[in-house]
Amino acid sequence: MKVDVLLGLQWGDEGKGKIVDFLTPNYNVIARFQGGPNAGHTLEFNNIKHVLHTIPSGIFHDNTENLIGNGVVIDPIILISEIEKAKAIGTDIFKTLLISKKAHLILPTHRLLDAANENKLGKNKIGSTLKGIGPCYTDKVARKGLRVGDILSNDFIKKFNIIIKSHKQQLDFLEFEYDLESSIQDWLNAIDKIRMMKIVDGEWFINHAITNNKKILAEGAQGSLLDIDYGSYPFVTSSNTISAGVCTGLGIAPNKTGNILGIFKAYCTRVGSGPFPTELFDADGENLRTEGNEFGSTTGRPRRCGWLDLVALKYSIMINGVSELYMMKTDVLDSFQKIKVATAYIIDGKRHTEMPYELSQNIEPEYVEFKAWNTDTSKFSKFSELPVELLQYIKFIEEETGVPIKIVSVGPNRNQTIISDNF
Ligand code: GDP
Ligand code: IMO
Ligand code: MG
């Protein structure tokens, strides 16, 4: 069967982890295809709150295989700690987790280089999660990276030492002070554990699964507006977060992708630097942050908050070919009296409904205002129970985007997920 794709359509943290976990019973395989431990995907069920960084969000269901695809960059220390944390709550994923040989490894020096690069940028810094993502993908593209498959070869340590030496030279050039010895040992210990796991030719695994009619869901990380090509460059991550990334990140042909499930918050957030046209600096912004508990799952940083931006959402829908929309964190707007949605940007007096080349600072969003529902939606379980104002909000977004909203999420818990009649 074709591979369905679930993607965040904004600047990340849309609630991908929650929805992948909710959808997993419908799938045999969940596969991550890009990004790395910069991601923080939160799942909540049975009073357990769990954050995953590298492991696909299908792990809490038996009988589902979870693949870390070749497009992912893996920090061995973080991966092992994730596996151990899952084990501590009774989920042993040793049997169900597969790792692609062609996935690249984040070295301890990649993290240091991330910090050194950000230091050099000063106030222009990207606001990276400092997990070594950018430097690792840089080495991949420069054809100098270390891959998971390399850990099985005899000259692995030799390759490792050559890269570390080159990174040390770069760190010295950047005048960055560091202490490396203990992290190298921890890293090598983690590699020893990974060597005992299921290391596979990911592209063969996934294509055999397709041929054998397995149901597969590709789980995106970050969001489309953080995509290296189509995001708010340079304030982006270093991978293709969009649906096209699934092909290179898993090794499947474009005609093997199926439904493209786009997920977005009923408002907008961004963590890290970069433009954000609908960002709020007033009480509404503060309410979104408090009600939505908008603090980073990976770094704990407060997330910047603002109104839903339909110019950006429509752009993400176009770039990804989204076939159905899932609206997340709707309950966060429950206490609001009015809600706004940006439908155009005014730039130098001119109205734009299409995403411009750059999201410059002088964008004035044009808003449509809605009377809010002012009702606790967190207990609702059916579309028909939703307040009329919320149904109008949904209808407006559907009409503007031309894509049906098939899930409305009204709380962090797996159960707080409302599906439409035509789901
Ligand atoms: P991801 O990176 O896209 O998986 O999203 P994160 O896990 O980083 O951030 C989403 C946050 O919102 C997490 O704390 C989730 O538990 C929480 N969450 C997800 N869906 C909902 C929802 O519908 N309502 C509320 N209130 N919280 C939600
Ligand atoms: P999930 O998968 C939100 C942001 C960082 C920074 C920029 C570059 O949980 O949605 P990087 O560490 O990649 O060099 O950071 O991208 N960023 C995210 N923001 N959610 C994420 O992942 C993110 N991953 C990276 O804050 O602005
Ligand atoms: Mg997240």
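Before going into details, it helps to say that this report is about the structure given with it. (Residues numbered from 1 in each chain as written. Chains lettered and ligands numbered in written order. Predicted model: local features only at pLDDT ≥ 70, side-chain atom pairs only at ≥ 80, totals over all residues. Heavy atoms only, no water.)

**Quick look at the pairing of strand β16 (residues 338-347)**
Here is step 1 of the chain: Within β16, seven of the 10 residues are buried, leaving the element largely enclosed by the surrounding structure.
Here is step 2 of the chain: Relative to β16, strand β14 (residues 308-309) runs parallel, the two being bridged by two bridges. The residue bridging Asp309 from the neighbouring strand is Ala342, located in β16.
Here is step 3 of the chain: The turn linking β16 back onto strand β17 (residues 350-352) is made up of two residues, and Asp348 within it adopts a positive phi angle of 50°. (Buried < 20%, exposed > 50% of the residue type's maximum accessible area, 1.4 Å probe, protein only. Helix = DSSP H or I, 4+ residues; strand = E, 2+ residues; numbered from the N terminus. Pairing = 2+ DSSP bridges.)

**So, the pairing of strand β3 (residues 41-45)**
Here is step 1 of the chain: Here β3 shows a clear split, with His41, Leu43 and Phe45 buried on one side and none of Thr42 and Glu44 buried on the other.
Here is step 2 of the chain: Joining the antiparallel neighbours β3 and strand β4 (residues 48-52) is a turn of two residues, in which Asn46 adopts a positive phi near 40°.

**A few points about the coordination of the magnesium ion (ligand 3)**
Here is step 1 of the chain: Listed as protein donors to the magnesium ion (ligand 3) are Asp13 (OD) and Gly40 (O); their distances from the metal cover 2.1 to 2.2 Å. With Asp13 in the loop between β1 (3-8) and α1 (16-23) and Gly40 in the loop between β2 (29-32) and β3, this pair connects stretches of sequence that are 27 residues apart.
Here is step 2 of the chain: Using a relative accessible area of 21% as the deciding quantity, one classes Asp13 as partly exposed.
Here is step 3 of the chain: In this structure Gly40 comes out as buried when scored by relative accessible area, which is 9%. (Donors = N, O, S within 2.8 Å, 3.2 Å for Na, K, Ca; no water.)

**Description of the packing of helix α2 (residues 76-88) against helix α6 (residues 181-194)**
The description of two helices packed together rests on the angle between their axes and the distance between the axes.
Here is step 1 of the chain: One can describe the packing of α2 onto α6 by two numbers: an axis separation of 8 Å at closest approach and a directional angle of 60°. Judged by the angle between their axes, α2 and α6 are oblique. Two packed elements cross with a definite hand, and for α2 against α6 that hand is left-handed. Touching Pro76, Ile77, Leu79, Ile80 and Glu84 of α2 are Ser183, Asp186, Trp187, Ala190, Ile191, Lys193 and Ile194, all from α6. (Axes fitted to C-alpha atoms, helices over the stretch in contact; angles between N-to-C directions. Parallel < 35°, antiparallel > 145°, perpendicular 65-115°, else oblique. Left-handed = near helix turned anticlockwise from the far one by under 90°. Contact = heavy atoms within 4.5 Å.)

**Details of unusual backbone geometry**
Note: most residues except glycine have negative phi, and most peptide bonds are trans.
Here is step 1 of the chain: Looking along the chain, the bond that leaves Tyr233 and enters Pro234 is cis, with omega of 5°.
Here is step 2 of the chain: The phi dihedral of Asn63 falls on the positive side, at around 70°, and the residue is not glycine.
Here is step 3 of the chain: Considering the arrangement of structural elements, one finds Asn63 in the loop between β4 and β5 (65-68).
Here is step 4 of the chain: For Asn63, a relative accessible area of 73% gives the class exposed.

**Observations regarding the site of ligand 2**
Here is step 1 of the chain: Taken together, 20 residues lie near ligand 2, and Lys16, His41, Thr129, Gln222 and Thr237 sit nearest.
Here is step 2 of the chain: Measuring from an oxygen atom of ligand 2, one finds a side-chain N or O atom of Thr129 at 2.5 Å.
Here is step 3 of the chain: Relative to its unbound accessible area of 550 Å², ligand 2 is 97% covered by the protein chains.
Here is step 4 of the chain: In the shell around ligand 2, the residues fall into seven nonpolar, 10 polar and three charged. (Near = heavy atom within 4 Å. Polar contact = N/O pair within 3.5 Å; in protein donor to acceptor, adjacent residues only side chain to side chain. Areas by Shrake-Rupley, 256 points an atom, 1.4 Å probe, with all protein chains shown as cover. Nonpolar A, V, L, I, M, F, W, Y, C, P; charged D, E, K, R; others polar.)

**Notes on the site of ligand 1**
Here is step 1 of the chain: Close contacts around ligand 1 come from 20 residues, with Lys16, Thr42, Ser297, Asp331 and Ser409 the closest.
Here is step 2 of the chain: Lys16 is positioned such that a nitrogen or oxygen atom in its backbone is 2.7 Å from an oxygen atom of ligand 1.
Here is step 3 of the chain: In this structure, an oxygen atom belonging to ligand 1 sits 2.5 Å away from a side-chain N or O atom of Ser409.
Here is step 4 of the chain: When the free accessible area of ligand 1 is taken as 580 Å², the share hidden by the protein chains comes to 94%.
Here is step 5 of the chain: With respect to the pocket detection grid, ligand 1 is positioned in the second largest pocket.
Here is step 6 of the chain: Contributing elements (two or more residues each) for the shell around ligand 1: α1 and β3. (1 Å grid on protein atoms, 1.4 Å probe; cavity = no way out; pocket = protein on both sides within 12 Å on 5 of 7 lines; lining within 4 Å. Sits in = over half its atoms within 2 Å of the grid points.)

**Re the pattern of salt bridges**
Here is step 1 of the chain: A complete count under the given rule lists 20 salt bridges for this structure.
Here is step 2 of the chain: Here Lys329 makes a salt bridge to Glu294, at a shortest N to O gap of 3.1 Å. With Lys329 in the loop between β15 (324-328) and β16 and Glu294 in the loop between α9 (283-291) and β13 (304-306), this pair connects stretches of sequence that are 35 residues apart.
Here is step 3 of the chain: For Glu294, a relative accessible area of 0% corresponds to the buried category.
Here is step 4 of the chain: Between Lys314 and Glu400 there is a salt bridge whose closest N-O contact spans 3.1 Å. (Salt bridge = Lys/Arg side-chain N within 4 Å of Asp/Glu carboxyl O.)

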